[in-house]
Structure formats: structure tokens, C-alpha cells
Amino acid sequence: MKILIIEDEEDLLDSMSAYLSAEGYLCEHARDFHAAMDKIHDYGYSCIVLDLMLPGGDGIRILERLRELGRADGVIIISARNSIDDKIEGLKIGADDYLTKPFHLSELAARVYAIIRRKNFENNNVVSHNEIQIDLIAKRVTVNGRDAGLTKREFDLLLYFVGNTGRVIPKSAIAEHLSGDMADMLDSHDFIYSHVKNMKRKLLELGSGNYLKTIYGSGYRWEK
Amino acid sequence: MSRLLNKPLRTFIIYASVVLLASIPVYFYAVDTIWLQELDENNDIIAERAVYQLSRTDFRVHNADSLFTFWNIIQPNARLERLEENGKMPADKRYTIYKGHVNPDYKRFKDRFRVLERAFMYDGRPYLLVVESNVEETYETVAVIAVITGLFFLVLSVGFVVLNRKMSERIWKPFRDTLDKLKGFRVDEGQAATFTRSDILEFEELNSALERLMARNIEVFRTQKEFTENASHELQTPLAIIQTRLGMLLQSEPISSDQYHLVESANKALARAVRINKDLLLLASIANDQFSSKEEINMGEQIGEIIDLFRQEFGRRSIRLNTTIDETAVIFSNQFLFTTVIQNLITNALRYCYSDGQVDIFLGENRFVISNSGSRELNKARLFQRFAVLDEDNPSTGIGLALVDTICRQNNWDITYTFGSGMHTFEIMFDRFTSGISPGAV
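What follows deals with the overall build of chain B. Per the secondary structure count, chain B includes nine helices and twelve strands. Taken across its 442 residues, chain B has 21% of its residues classed as buried. For chain B, contacts bridging at least 24 residues in sequence account for 69% of all contacts bridging at least 6.

So, in C-alpha cells, the structure goes:
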């Protein structure tokens, strides 16, 4: 699966590319507006990670161009502009998701994962992980065909873990994923523990394998 | 508090009453003196005329004694007496006497008389002519003067009050205009007030001084806002780089437990820096009115979701959570701003509540109240300021409440903080035009 990362900040581009490559994606880069335009004209991508503020032009134009070309590439906007208007405009023009800088790489990976799975399996938005089936549209999880009855938050968590299979996910990233902006408002990240525990219990009860490992007492890793 | 013009008014009235009171004896003394002088003159004229007339009367025709007796009978205000013949003529005497009426039943009070005694020679013998004229009694004069003075005092006082009211309406109108506009002035709206022109020098000076002050404030505020905005924008990218680099560090194999925990504590600190930066940007965005889109929000539902997220945290710290939520309460507002306010207040309560304490959350038709246990009152003066250190033992990003305050002010929500019986309480009265009971709920 090919991913285009459009980002002018070298360090950021490097990290995102390295993280996503390790997930098994093929990453291509564009460091400015024109390079990005050339790339999208020449190739199709499973997902495009798009920074809005680029040398040479507004990232929104790239999004508009994609839609003019009638392309269905998944697009995640990553922007330093934390403006609701930008977000609404971006999503209206056809971005699939919007991530405000700074973000955790695991968050980006989870979103890329979800977008690609939603886009690629047009009539069958179900992701399988061994005996676990995740229906991305109905937001339902079954284990061996039986509904695990996950809450919305637990569903999000599972998708987050599966989207970062094999990677060490720090607790701080999960806390931010769960509570959005509120994670740092609390002194401890302990509140995520019970969410994770509940999700894990529901899956195990239906006979799924124990894929979620605790790392160093506080981080997590979802294993194959 | 009394109005400015009422202060001199009171003084004026007191001064007028003192002057008028003091004038009563003065008037009395003047009137009485004039009276007596006039009566002395009058008595003189009578005496002179009487003596002159008598001197022209032929004593051979009339017996002097019988003439004088007759005189004394018919002249009520003059009397003739024969004097001892010792060769000396006494000088004129003038004095005041009080005596009753001839008819004792006629009057209870004694009348005051001004008397002139004059000796004269008639037919070679000395006589004394005593002329008496009735004078107004002292108490009557005093009473009349007092009544008149009182009347004038009344007229003056009423006049002062009426004039004062009229003057205060007219003269102070431009001042009141200025005051009203000043009250409505908000530096973050970036619009200086324009004052009504006045023909009074002091007001004009005040207005132009205020205009200069406001313009300068707006300018300072604008530059400060721009600085904050630019600074936080510029910080976004380096923060993003640090976060992603830390993320990469965690993936490098093999990683020790120590390394993992180092990265996590860096992540935690970073999250705080990110939050401060986001809040600063958010403050700037709110000031730029970037959250103008509004919708009907079910407050109970929103608050319930936020509480849900923190429920475990309440449990972990054994904090009792009491909620009374009106599920039908709605508000027409910006969803993001509303949840930002509630989130900040709830996390604030949670942060400052000690373990085994209590947090109460109440939502009514247009009222949200949140209380938490606490030991001492927060510094009210600095409560809603950015980076205010409210509690030295418990530092925070210091923007949360400033953000809450900004959002509340922008939406005309009235937020108050009180501390009583060991509970910190924040209360928001929502604008009653935009909140209330959902029409569907009735």
C-alpha cells in the first residue's frame, strides 16, 4: 500500500515516513506544493498525509485538485492550524480526517490504517485479525462470529491497537487518543487502564487470543 | 453612594438654613429698632403739637385744671400731669412699658407701649405731658419674621432640589454617556468608543484622554495577541518534531524499561507544553471570533459524556461524585466552546479536589454549578488570569480558567466563584435567550 506524505518539515517527514514504513506501507515524500502536485498527477495512493502549510501554495489546493481529478485517495490533513474552520473546510472538500500538530505517530498510524481499510474494501469494510473481525462501518467487533459488545470507546481503542500492530504504544498516546485534548489535564493516565482492561476482557471472554501485551508496566503492544 | 451633585446640594441647604436662622434675630432687631425710633418720632410730633396747641389756648377762659382733666379723659394716648414746682424742668424721658387694657376683660396679654415724658410750662407752671403709643409685641414680630423666613427657606430648598435635578440631567448627560460607553468598552473587541461631544471643557478633556487611553490599550492588546498567536504557531512544528522523535525512540529495538519511562515522562511534559500552546491558540481564535457557528446543544448529554470519561478517575481517587442533571436542558451555542468550558471546569474540580473529597455537578434549565472539596479559598482577583498560580501545591497550565472566562464573557454567560463550607463552587448562568428547556421535552 502506497502512502504519500506531503510535509515540508524534514524532521517530521522523516519520523512519519519511518514509522509508517515499519508498518509495511510504501512511503513517498513531497516537500513542497509543486512536488506534491506532480506526484498526485502521476500516481494514485492509498492514503495521502497532507500538511496544509507548504512552500509554494496552500495544501487545500492539492485537495481540490485531487477531487477535480476524480481520485478517491484517502486524505489525512495534518495542520498546525488548529482552526475549526480549516477542519470543516478540509473535510468538506473531501479530506477523510484531520489531525492537528503535534500528534503521536501511533495516532497517525491508527488513522491511516482506518482510512485505508475503509477505502479499500468498498463493499466489505471488515478487518480481520485472526479470530477477531472489526466492522469499520457498523463499528462492531465479533470474535469467532460472536458480538463482543464493545462500547464506542473500546472499539476505537481496539482499532488503535490493531492499526499499530507490533509497535510500542506509550500510555500518553493512548490517553490522548481516548480523551482528546483532555489527557494532560489529569495528573495521571490511570483512567485509560480500565478502558483497556474492559476491552481486553470482552475479547478474551469470547475466546480471542491474548494479543495485547503490557510493556514496561505502562505501555502496550498489540502482537500478531 | 450618593450622586455627585447631591453632595453640594446638601451643603447648600444646610448653609441656607444657617444663614436664614441667623437672619431671624437680625431682622427682629432691625424691625424693632425701626419701630421704636418711628414711635419716638411719632410721640415727639404729638407732644410738640399738644404743647403748641395748649400754649395758644387762653387760660382766662378755661380753667386749666378742668381743661387738663378733660384732656386726660378724652385723649387715650396722652396724659397731662401737674409737676411739683421746684424750679427745675426735667429732661425728656423715653421708655417702653407693658400694661393691661383699660377694660380688664378685654385682653389677656399686656400691650407694649412706647412712652415719651415731656415737661412744659403752661401759664407759668410746670406740667408733664406723657405720650404713649402702642408697639407691636416682641413675640409677634419674632413669630412673623420666623414664619416668613421659614417660607423663604422652603422656597429656596425646593428651588435648589429642582434646579439641581434639572442641572444634573443636562450638565451631566455627556458625562453619563461617557460612563455608559466606558462600561461597555471591551479591549478585545478592538473598537474604541466614540463619545458625544460636549461644550464643557472638563468633559471634553476627559473624553479625549479616554479616547487616547482606549486607542493605546487596543493597540497594546492587538500586538500582544499577535505575538501570542505567532509564538504559539511557531511552536507547533518543533513540538510536533519532538513528539514524533520521541515516538520513534520508543520503537527503536531493543529499548530498556528505563528508556521507556524516560520517554514517557518526556511525553507527559510535552503533552503539557502542547496543551498550553493549544490553549493560547484557542484564546486567540476565540478573540478572533472563529467559533461563530452555533447549534442547539443538549447540555445534559454533553456533560454526561464528559463525566463518563472521568468516572474512573473519580473512583480511583475515592472522590464522591453527585450529579443532578436536567436531561432536557438545551443551549444554542458553539458546541466546541461549550464542551471546552465544561471540560475545563470538571478537570479543574477533579484536580483541586483532595482524595476522599466530593464533587457536585448540577445542571438546571440555564444554570451549571460545579463544586469540589477544598481547603482554602482561591485568589479571586487572579482566578481568571492567564498563568495565575492559584494553589502553590498544585500547579496547572494556568490557562484553563482564563479560557473558561473568555468563552463565558463572549457568550454572555455569567460565571462566578464562591468558597464556602469547604467547597469551591463555580456557577455559570447561561444567557436565558439561548438556553432553556428543550421544546421537545414538554
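Now for the overall build of chain A. Scanning chain A from terminus to terminus reveals eight helices and 13 strands. A buried classification covers 45% of the 224 residues belonging to chain A. Here the contacts in chain A between residues at least 6 apart in sequence split such that 59% fall between residues at least 24 apart.

So, about the sheet that holds strand 2 (residues 26-30) of chain A. Residue and element names in this part refer to chain A. The five strands are arranged 2-1-3-6-7 in an open sheet whose pairing can be described as parallel. Pairing within the sheet leaves two strands with one partner each, and these edge strands are strand 2 and strand 7 (97-100). Taking each pair of neighbouring strands and ignoring which way they run, the sheet shows an average axis angle of 20°. For strand 3 (residues 47-51) and strand 6 (residues 74-79), the ladder comprises five bridges, and the chain directions are parallel. Paired with Leu50 across the bridge in strand 6 is Ile77. Where helix 1 (residues 10-22) meets the sheet, its contacts fall on strand 1 (2-6), strand 2 and strand 3, and the angle it forms with strand 2 comes to roughly 165°. The strands that helix 3 (residues 59-68) touches are strand 1, strand 3 and strand 6; relative to strand 3, the one it contacts most, it runs at about 150°.

This part is about unusual backbone geometry. When glycine is set aside, most residues are seen to have a negative phi, and most peptide bonds are trans. A cis geometry characterises the amide bond from A:Lys101 onward to A:Pro102, with omega recorded as -5°. Backbone geometry at B:Asp356 places phi at a positive 65°, although glycine is not the residue there. B:Asp356 sits in the exposed class, given 10 other C-beta atoms within 10 Å.

Each partner contributes to the interface: chain A provides 40 residues, whereas chain B provides 39 residues. Mapped onto the side of chain A that touches chain B, the elements with two or more residues apiece are helix 1, helix 4 (84-93), helix 5 (105-120), helix 7 (171-179) and helix 8 (191-205) of chain A. Taken together, the residues that form the side of chain A that touches chain B break down as 19 nonpolar, ten polar and eleven charged.

Across soluble globular proteins, nonpolar side chains show a tendency to be buried alongside one another. Residues A:Ile3, A:Ile6, A:Val49, A:Leu50, A:Ile76 and A:Val112 are the most contacted members of the largest nonpolar core, which totals 69 residues. At nine residues, helix 5 of chain A tops the list of elements feeding residues into this core. Contact partners of A:Ile6, with chain neighbours within four places excluded, come to A:Ala30, A:Ala36, A:Ile48, A:Val49, A:Leu50, A:Asp51, A:Leu54, A:Gly59 and A:Ile62. Membership of the second largest hydrophobic core comes to 40 residues, among which are B:Leu282, B:Ile331, B:Cys353 and B:Ile428.

Residue and element names in this part refer to chain B. As defined by bridge partners, strand 1 (residues 78-82) adjoins strand 4 (residues 125-135) across five bridges and the pair is classed as antiparallel. The residue bridging Arg82 from the neighbouring strand is Tyr127, located in strand 4. Note that strand 3 (residues 111-122) and strand 4 share eleven bridges and pair antiparallel. Each residue of the ladder has a partner; that of Val115, found in strand 4, is Glu132. What sits between the antiparallel neighbours strand 3 and strand 4 is a turn of two residues, in which Asp123 has the positive phi angle 55°.

Two numbers describe how helix 7 of chain A lies on helix 6 (residues 257-287) of chain B: the axes approach to 9 Å, and their chain directions differ by 35°. Only B:Glu264, B:Asn267, B:Lys268 and B:Ala271 of helix 6 of chain B make contact with helix 7 of chain A, whose side of the interface consists of A:Lys171, A:Ser172 and A:Glu176. Classifying every residue of the contact of helix 7 of chain A with helix 6 of chain B gives one nonpolar, two polar and four charged.

As a further point, take the packing of helix 8 (residues 335-352) of chain B against helix 9 (residues 400-410) of chain B. Residue and element names in this part refer to chain B. Packing of helix 8 against helix 9 brings their axes to within 9 Å, and their N-to-C directions diverge by 145°. Both helix 8 and helix 9 take part in a crossing whose hand is left-handed. Counting all contacts with helix 8, which are made through Leu337, Thr340, Val341, Asn344, Leu345 and Asn348, the residues of helix 9 involved are Gly400, Leu401, Leu403, Val404, Ile407 and Cys408. Split by residue class, the contact of helix 8 with helix 9 holds eight nonpolar, four polar and no charged.

Hydrogen bonds between backbone atoms are what pair the strands of a sheet, whose relative direction is either parallel or antiparallel. Residue and element names in this part refer to chain B. If you walk across this open sheet you meet the five strands as 6-8-9-11-10, and the pairing is mixed. If you trace the sheet from one side to the other, it starts and ends with strand 6 (320-325) and strand 10 (414-420), each paired once. Recorded for the sheet is a direction-independent mean angle of 10° between the axes of neighbouring strands. As judged from the five bridges shared by strand 8 (residues 358-363) and strand 9 (residues 367-373), these two strands associate in the antiparallel manner. Among the inter-strand pairings, Ile361 is bridged to a residue of strand 9, identified as Ile370.

To continue, consider the pairing of strand 12 (residues 212-215) of chain A. Residues and elements named next belong to chain A. With four bridges joining them, strand 12 and strand 13 (residues 219-222) adopt antiparallel strand pairing. Looking across to strand 13, one finds that Thr214 is bridged to Tyr220. Here strand 12 folds back onto strand 13, and the loop between the two strands holds three residues, one of which, Tyr216, carries a positive phi near 50°.

Right, let's get into helix 9 of chain B. Residue and element names in this part refer to chain B. Counting buried residues in helix 9 gives eight out of eleven residues, a clear majority hidden from the surface. Among the residues of helix 9, Gly400, Leu401, Ala402, Leu403, Val404, Thr406, Ile407 and Cys408 are the ones counted as buried. Tucked inside the fold, the buried residues of helix 9 contact helix 6, helix 8, strand 10 and strand 11 (423-429). Asn412 occupies a position one or two residues after helix 9 and carries a positive phi of about 60°.

Moving on, we come to helix 8 of chain B. Think of an α-helix as turning once every 3.6 residues; residues three or four places apart then point the same way. The end-to-end C-alpha distance of helix 8 of chain B, which contains 18 residues, comes to 26 Å, matching closely the 26 Å that a straight helix rising 1.5 Å per residue would cover. With respect to burial, helix 8 of chain B is a largely interior element, 14 of its 18 residues being buried.

Right, let's get into the environment of B:Arg367. All names here are of chain B. Within the secondary structure, Arg367 is located in strand 9. Taking the number of C-beta atoms within 10 Å as the measure of exposure, Arg367 has 16 and is therefore partly exposed. Measuring from C-alpha to C-alpha, the distance between Arg367 and Ala329 comes to 9.2 Å, with 38 residues separating the pair along the chain. Excluding residues that lie within four positions of it along the chain, Arg367 makes contacts with Glu427, Ile428, Met429 and Phe430.

Further remarks concern the environment of B:Leu213. Residue and element names in this part refer to chain B. Residue position: Leu213 is located in helix 5 (residues 201-251). By the C-beta count within 10 Å, which is 13 here, Leu213 ends up partly exposed. Along the backbone, Leu213 and Ala192 are 21 residues apart, and their C-alpha atoms lie at a distance of 9.3 Å.

Here B:Arg245 shows up in helix 5. The class for B:Arg245 is partly exposed, based on 16 C-beta atoms found within 10 Å. Each residue touching B:Arg245, except ones within four places of it in the same chain, is listed here: A:Asp11 and A:Ser15.

Here is what the cut-offs are and how they apply
Residues numbered from 1 in each chain as written. Chains lettered and ligands numbered in written order. Predicted model: local features only at pLDDT ≥ 70, side-chain atom pairs only at ≥ 80, totals over all residues. Helix = DSSP H or I, 4+ residues; strand = E, 2+ residues; numbered from the N terminus. Buried ≥ 20, exposed ≤ 12 C-beta atoms within 10 Å, placed from the backbone. Contact = placed C-beta atoms within 7 Å. Pairing = 2+ DSSP bridges. Axes fitted to C-alpha atoms, helices over the stretch in contact; angles between N-to-C directions. Nonpolar A, V, L, I, M, F, W, Y, C, P; charged D, E, K, R; others polar. Core = buried A, V, L, I, M, F, W, Y, C linked by C-beta atoms within 7 Å. Left-handed = near helix turned anticlockwise from the far one by under 90°. Expected span 1.5 Å × (residues − 1).

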